[in-house]
Structures are given as C-alpha cells and as structure tokens.
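Secondary and tertiary structure notes
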Amino acid sequence: MGRLFGTNGVRGVANRELTVELVTRLAASIGAYFGGSVAVGRDGRITSPMFRDAAVCGLLSVGCSVHDTGMLPTPALQHAVRRNGLNAGVMITASHNPPEFNGMKVIAADGVEASRGQEAEIEEIFFGDGPELSPWDGIGTVHQLEALEAYQEAVISHVDIGRVRDARLKVAVDPGNGVAALSAPGIARALAGEVYTVNVDVDGSFPNRVSEPRPDNLGTLQALVRASGADLGVAYDGDGDRSIFVDERGEVHWGDRSFALLAREFILKNPGGRVASPVNSSRALEEVVSGAGGSVVWTRVGSVVVSRRMVEEGIPFGGEENGGIMYGPHLQVRDGSMALALIMEVMAETGKPLSQLFGELPQYSQLKDRISCPEELKEAVLEALRGRVDAPRVETIDGVKLIYDDESWVLFRPSGTEPIFRIYAEAGSPERVEALVEEHKSLIESVVESLK
Ligand code: MG
C-alpha cells in the first residue's frame, strides 16, 4: 500500500504532487474515518484557498459538518478543535516549506496531530475502495468558526499576565509573512510594554525571508531588535508552530536553547516533572532538567511522536531542537506563541536579560551531516551498524545513539523522507565533535558500500 503521510502530515508541490483530486479524496477519507464535525483551517499560501475548498468538498461528500476557521496558525486550529469538541481538524499548510509547496496536517479530537496508527487507517481508506459517499440528502453543511480570539486568550491565560505586563518588555515580532502574523503581534501586545513588527503582511510568496526561521535569514529582525532597543525578538515559521528567539544584543539562539531554558523553568516550578524530547536534542536539555530535579523521556524524532507520547503518558512539557515547544497545560502540541509567552514570563520573573538566561545554559559544540544510502538498504545498514559499534551507552530508540564517558554523543538514523542517513553529534569541543562525525561517517559509508 502507498504512503501519503510524512514526518508531519502530507506535503508536496502544488498541482504536481499535491493536486485538488488528491486533497479531495484524502479529506473524504479523513472525514469517513473521524466522522461528525471537522474544522478546516489554512495558512496564507497562494494555493491554500484552492486546497481548502477541495478539503471542504471532500468532507461534505462523506456527511461531515465543516467548521471553516479561515486563515490561522496551526496551533490555533488545534486549540479550536479541542475547545469546540469537534471530531477532527484539517489544516491546509506546508509549514516552513518553499512557496510552491502545500500540504495537510490532520488533527484528532484531542487537538493533537493524528497518531501514526490513525494515519495508517486513513491511508487504508484512501488507497482501498475509497471513502463511502453520503446519499444526496445526507451531505454535510458549512459553518464559519471564529477561532483566533479564544486561542489568543488561552495562550496568555497560562502566564502571570500582571507580572509579565509590569516588566514592560519591548518585543520585536517577525512572523515572516506567515499566518503567525494573525495572532503573534496581538499576544505580544497583551503582555509587552511595546511591540515592534516586521513581515506582518500575510503573503504566500514569502517575499522577505525563507519561511523557516534560521540564524542566517533573520537579519531584519536582528536589526530591528538592535535599532529599537528591544528586550527580545521572536521569529515564526510559516504556520506559527515554531519560534526562534533573538536576545537584546540581536543574537539568534537556536531552538535547542529555548527548549532547554523553558524546560528548566518548567521543572523548577513543577519539581520532579518529566520532559519529552526526541533523541537528537542537546544534552544541555538533560543536564538542566535533571539538575532541576526532573527527568527526560526520550522519543523517536518527529514532533507528532513527542506530542502523542505526552498525551499517552501525561507528560506535561515537551519540545524539539528546531524551536517547537509543547506546553501540556495549554495543549500538547508545538506552539510558537505559547513559547513567546513563556519566555516573556521567565524574563519578567527573573529580571534577567535574555542573553544572560541563554548564557547560563551549558554550551556544547554540535555538528550535523548526512550520508546517502539507497532506501532499500537502510534497514540492513542499521542492523549491521548495531553489531559494529561500541560505546559505554547505546540507545536504539531511533537509529543508533552512542553516548561516551566524556558526555559526547553521536546519533545516526535513516531519514524518513530522503535516501540518506542523518548524523548528529555533540561534544565539549569543536575538535571532538568533528572527529566523532568523521569516524562514524566513514564507518557508515563502508557499511553502505559493503551491502551494495
Ligand atoms: Mg510549522
């Protein structure tokens, strides 16, 4: 049977891999699986109105009643599904991908992305005989659903609003012309002393920066922070579930830093608590969490896996190294604006500048690399590698992670979307991390060659 779902929903180039026909049939399959009332939202991409209409048609054809939220960030749609007691949600978005892409994220009734098992059942309907269509007089109806205001109120309700406001923080916000523009400035204004914005016109051509916030494309935000004397800057990805922070000096801090900072604060307030994280996160996370008396629950890589684990085991906090923060008391999903509110709360409570808060975290050298490996060899390569590696601690939650006594580690795992193995490594010095990557890169290459 074919596969549609990747690491996070269905993605493809519009009108090439992702067509109106595919979206209609997939939405009908989703509707047939969940039934009842389904929220439909979309991002600001040029092709999103077209695919929204296709999804609505598919859902109506199998008898679902559709609650159309219009444009909004993915976490706002997720919040709307759970708050309104709907059966499911469909978000038309390709997150941070280039403008020619689009996709669908499927949300279950609890507001969290559908589990891998649910995805498989939806695919079974899609690739099988297809969803059963309703009789002509049994098709669904469309309702408008206003979701943004309730979402913004929910986010700020999780922090000490008075305390944060009293700190009169100056915040610079860069939604990158994505749909975070519809909620992030409002959330910032509710909590800050002053708010400055750039790239706040929703524009599906992403004219000003790539929609994935990275240290190399946040120059405008960094300049805005410096010019305005802001206390912090925040940049969002295209659908607003990830955020990256800039300190008062204009320096960008990657997502593993904000994850570690917020996880530590959470454990300090909730002693003995647990934090869920994929195995590729920095060991700074484990250090600060265990230092504060909590523990890390390691999962496979992928935000949906982390979110689902949080739901299953009642883990209240989670995240990813790419800037996805999951705050369970709000919703066990990535939410870029929830992360902003929490960062502002830490700053207000400690009175410390953001550069100092980040500076207090342990610092390690990191390196990522990749090795090509034919799809059909991935399993055999992994199997052979398991027998050939040796380290004081070996984790096989996802790929193989080797943890050494000097607290350095290296992880290699087959990519779920490309014919490659990804290598991640971290160590106390740049020399050690480079040596680790080189050594294991040659090992993997020789194993791939020997199996060809
Ligand atoms: Mg995203």
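Keep in mind that what you see is a predicted model, and the values were worked out from it rather than measured.

Turning our attention to the sheet that holds strand S1 (residues 10–13). Here six strands make up an open sheet; going across it, the order is S1-S5-S4-S2-S3-S6 and the pairing mixed. Of all strands in the sheet, those with a lone pairing partner are S1 and strand S6 (142–144), marking the two edges. In this sheet, adjacent strand axes meet at a mean angle of 20° when their direction is disregarded. Sitting on the sheet, helix H1 (residues 20–34) touches S1, strand S4 (88–92) and strand S5 (101–108), and the angle it makes with S5 is about 5°.

The next thing to look at is the domain arrangement of the protein chain. By domain assignment, the protein chain separates into domain 1 (10–146), domain 2 (151–359) and domain 3 (365–451). One C-alpha centre belongs to domain 2, the other to domain 3, and the line joining them spans 29 Å. Contacts between the two partners involve 12 residues from domain 2 and, on the opposite side, 12 residues from domain 3. Each partner contributes to the roughly 1,100 Å² buried at the junction of domain 2 and domain 3, and carbon and sulfur atoms together form 47% of this total. Looking only at domain 2, the three residues that lose the most surface to domain 3 are Val-279, Asn-280 and Arg-283, adding up to 46% of its buried area. Linking domain 2 to domain 3 there are three salt bridges. The salt bridge involving Glu-321 is made with Lys-368; its shortest N-O contact spans 3.1 Å. Elements represented by at least two residues in the side of domain 2 that touches domain 3 include exactly helix H10 (283–291) and strand S13 (295–299).

The textbook angles at a metal center are 109.5 degrees for a tetrahedron of four donors and 90 or 180 degrees for an octahedron of six. The protein atoms donating to the magnesium ion are Ser-95 (OG), Asp-237 (OD), Asp-239 (OD) and Asp-241 (OD), with metal-donor distances spanning 2.0 to 2.2 Å. Every donor residue of the magnesium ion comes from the same chain, spaced as S-x141-D-x1-D-x1-D. On the criterion of sequence distance, the pair formed by Ser-95 in the loop between S4 and S5 and Asp-239 in the loop between strand S9 (232–236) and strand S10 (243–246) is long-range, its members being 144 residues apart. Like Ser-95, the residue Asp-239 is buried in the burial classification.

Next up on the list: the pattern of salt bridges. With the rule as written, the count across this model stands at 36 salt bridges. In this structure, Glu-375 and Lys-378 form a salt bridge, with 3.1 Å as the shortest nitrogen-oxygen distance. Residue Glu-375 is classed as partly exposed on the basis of its relative accessible area, which comes to 46%. We note a salt bridge from Arg-386 to Glu-383, for which the minimum N-O separation is 3.1 Å. With Arg-386 and Glu-383 both in helix H14 (residues 378–388) and three residues apart, the pair spans about one turn of that helix.

Okay, the environment of Ala-181 next. Considering the arrangement of structural elements, one finds Ala-181 in the loop between strand S7 (170–174) and helix H7 (184–191). Under the relative-accessibility criterion, Ala-181 is labelled buried at 14%. Among residues more than four places away in sequence, those in contact with Ala-181 are Pro-175, Val-200 and Val-202.

Conventions used here
Residues numbered from 1 in each chain as written. Predicted model: local features only at pLDDT ≥ 70, side-chain atom pairs only at ≥ 80, totals over all residues. Heavy atoms only, no water. Pairing = 2+ DSSP bridges. Helix = DSSP H or I, 4+ residues; strand = E, 2+ residues; numbered from the N terminus. Axes fitted to C-alpha atoms, helices over the stretch in contact; angles between N-to-C directions. Contact = heavy atoms within 4.5 Å. Domains from an automatic or database assignment. Buried area = accessible area lost by both parts, 1.4 Å probe. Salt bridge = Lys/Arg side-chain N within 4 Å of Asp/Glu carboxyl O. Donors = N, O, S within 2.8 Å, 3.2 Å for Na, K, Ca; no water. Buried < 20%, exposed > 50% of the residue type's maximum accessible area, 1.4 Å probe, protein only.

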